Structure formats: C-alpha cells, structure tokens
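Spelled out from the first residue to the last, the chains are:
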Amino acid sequence: MDIEDLARRVMDGERRALARAITLVESSREDHRAQATTLGKRIAGCGRQALRLGLSGTPGVGKSTFIEAFGLMLVEQGLKVAVLAVDPSSARSGGSILGDKTRMEELSRKREAFIRPSPSQSQLGGVARRTREVVTLCEAAGYDVVLIETVGVGQSETMVADMSDLFLLLLAPAGGDELQGVKRGIMEIADMILINKADGELKPVANRTCADYAGALRLLRKRPEDPEDFPKAMTVSAVAGNGLEVAWDEMNTLADWRRENGYWDARRANQARKWFEEEVRMGLLARLSNSSEMRSQMDRLGIRVAGGELAPAAAAHEMLSLLSGDT
C-alpha cells in the first residue's frame, strides 16, 4: 500500500480513501499497525481541526435518530459531518451488528456526510480502541464536525469525553428525579444534557425532566472550563426537529468561550497525553498476551487461583514480580 498516496487522497477529501484509511487503522495486523503509524505521522501536520462532539445515552433514547436530524441540519448549513458509530461487540462471538448506518438512511445519502460504524471489540469505555485515530483521519479529510456515538451510558462509558471537545448526554423523558441525576457519575463530565422526544404527549414530561436535571446540575461543583450557565440541560425533538438549532448555537457558544479562554488547546493537550498513556498500557498487555512464556505463567497461576490454592491478588503480585524480574 502506498501510504503517501493514501494520505494525500485522504487530505483531498476522497471518501473511498478515508474508508480505506480507517480500515487500515482499525486493523490489528502488525504490518498494518506499522503502516497506520506512518499514515498518522503523515497527516499530523495538516493543521485541520473539527468540532469533536461525543454523544452518549441510554439504549432506546434515540441517539441514531438525533444524529440523523442533527447531521442533516448541519449539512443544510454547509458543513461536512462525520459520524463514528461504535457498536457493542458480543462477549461470546466477538461480532457486532453495525446497524446504525441503516438507521441514518437519509443522512447517509448526503455527500457532505460520512458514516462509519465500528465494533467496540473488547474495549471498555463506550468507544473502540482506534476511535481517536479515526477522528484525526476525519479531521484531515476536511470534515467540520465529527460526532462520536458511544455504545451506551454508564459509569464506564466515559472514555469518549477524553477524545471530544464537547460531551453531550442524551436522555429520555422521565429519566429520573433530581437526586438520581446527582448519583450518575457521567453527569459530572457532561457539557450539555439533551432531553430527547420532547414532542406530543411527552413534551410536558420532557420539560419536567429537563427542570429536574437542570436542578441537579446546579448542585454539582463548578468546573473552571465552563462559563456561566454551563453545563446546561435542554429539551430537543429529533423527530420534530425542535430545539436542534438552539442546541447547536449553545454548543458553539461553549466551544468559542473555551477557545478564547485557553481551555480548548489545554483540553486537547491533556487528551493527547491520556491517549498516549492508554496506548502504552494496551501495548504492554498485547506483549504479555503474545509471549508464549508469559501466557504459560498466566495459565499456571490461573489454574492455582481457580483451584483455590492461591488468592487472585497474590497470583497477580507473583505475575507482576515475574514481569519485573524480581524473582
């Protein structure tokens, strides 16, 4: 594969080249990883930045419907939109349905939009391991907004916040009272909470839910990277299109404020540092798995743990001692 040619075509905005580059980046083959690293170095100096929006929410809240309606609105405003939809992988078979693109039928037909489903594989945190690299590819290809849809919502589904400029939490009406809102750890990292399905008979319920979460947000500790009135809760309707433009205006207001006050660059720098450390950790685990000697030691200790001869913590300590050469 000619990496120089592929990089040039990606930066020229060729959709086929972008898709091919993402496939290369997501591959776990050793030769592909080397080529992906070269590709990453080649596009690193292009200097393009997109607004990275992370989106999480409970299953059935309407994330795909919201993304399609929101994406269509952005396209109508002359923006190019990339959607990275991460699907959960089966713990048994390792497979994923990857069906989010079929839910965004109208948006997927737009030349200004690019939708890429990816399996989460064994990665925790709601995103795939290579999602951050895919985001940089989309930026290099000239997309103005990159939407990262996570597999779900929960205490661990927060890694998307470490690769996005703004983190949006999508909730359904009647999603809990004010106290329940405070309990959710994910509330502490959300920049905006959007109560979806605020239409028809659910509109009054959505307004009450929005008020509950707005009250919960006021009880949280103020973050230095937020201006007044942020984070905030708003109501939207992906089906009717209500509130989408207002939400977009608020996103731009927050992004502009962070740029002007130095938080934008600092946030991206911290994110890059975190993902460097994460890549080192994952690389060390991969080396451990690929070493036949280390796998043999793991199996030996695992059998003793399963048989009740050795406590898990003691076995882990012994394994770490072997890795560090203390024994």
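Anyway, here's the lowdown on the structure attached to this text. Since the model is a prediction, treat every value here as computed from it, not as a measurement. (Residues numbered from 1 in each chain as written. Predicted model: local features only at pLDDT ≥ 70, side-chain atom pairs only at ≥ 80, totals over all residues. Heavy atoms only, no water.)

Let's talk about the packing of aromatic side chains
Within the structure shown, the criterion is met by four aromatic pairs. Measuring from centroid to centroid gives 5.4 Å for F66 and F70, while their planes differ by 10°, and the two rings are stacked. Of this pair, F66 and F70 are both found in helix α4 (residues 63-76), four residues apart, which corresponds to roughly one turn of the helix. Taken individually, F66 and F70 each receive the classification buried, so the pair is uniform in this respect. Considering the side-chain rings of F114 and Y143, the 6.2 Å spacing of their centres and the 45° angle between planes classify their relative orientation as tilted. Placement of the pair is F114 in strand β3 (residues 113-119) and Y143 in the loop between α7 (131-140) and β4 (145-149), with a sequence separation of 29 residues. Three or more aromatic residues joined by ring pairs form one cluster here, namely F66, F70 and W248. Above the plane of the ring of Y143 lies K80, whose end atom (NZ or CZ) is 4.5 Å from the centre. (Phe/Tyr/Trp six-rings, centres within 6.5 Å; stacked < 30°, edge-to-face > 60°. Helix = DSSP H or I, 4+ residues; strand = E, 2+ residues; numbered from the N terminus. Buried < 20%, exposed > 50% of the residue type's maximum accessible area, 1.4 Å probe, protein only. Lys NZ or Arg CZ within 6 Å of the ring centre and 35° of its normal.)

Quick notes on helix α10 (residues 244-260)
In this model, α10 (17 residues) spans 24 Å end to end at C-alpha, consistent with the 24 Å of a helix rising 1.5 Å per residue. Taken from the residues just after α10, G262 is the one with a positive phi, measuring 85°. (Expected span 1.5 Å × (residues − 1).)

Describing the nonpolar core
The biggest cluster of nonpolar side chains holds 48 residues, and the ones touching the most others in it are L18, L39 and I193. Counting residues per element, this core draws most heavily on helix α2 (residues 15-26), at six residues. Contact partners of L18, with chain neighbours within four places excluded, come to V10, F114, L137, C138, A141 and Y143. Listed in part, the 36 residues of the second largest apolar core include L55, L74, L107 and I115. (Core = buried A, V, L, I, M, F, W, Y, C linked by side-chain atoms within 4.5 Å. Contact = heavy atoms within 4.5 Å.)

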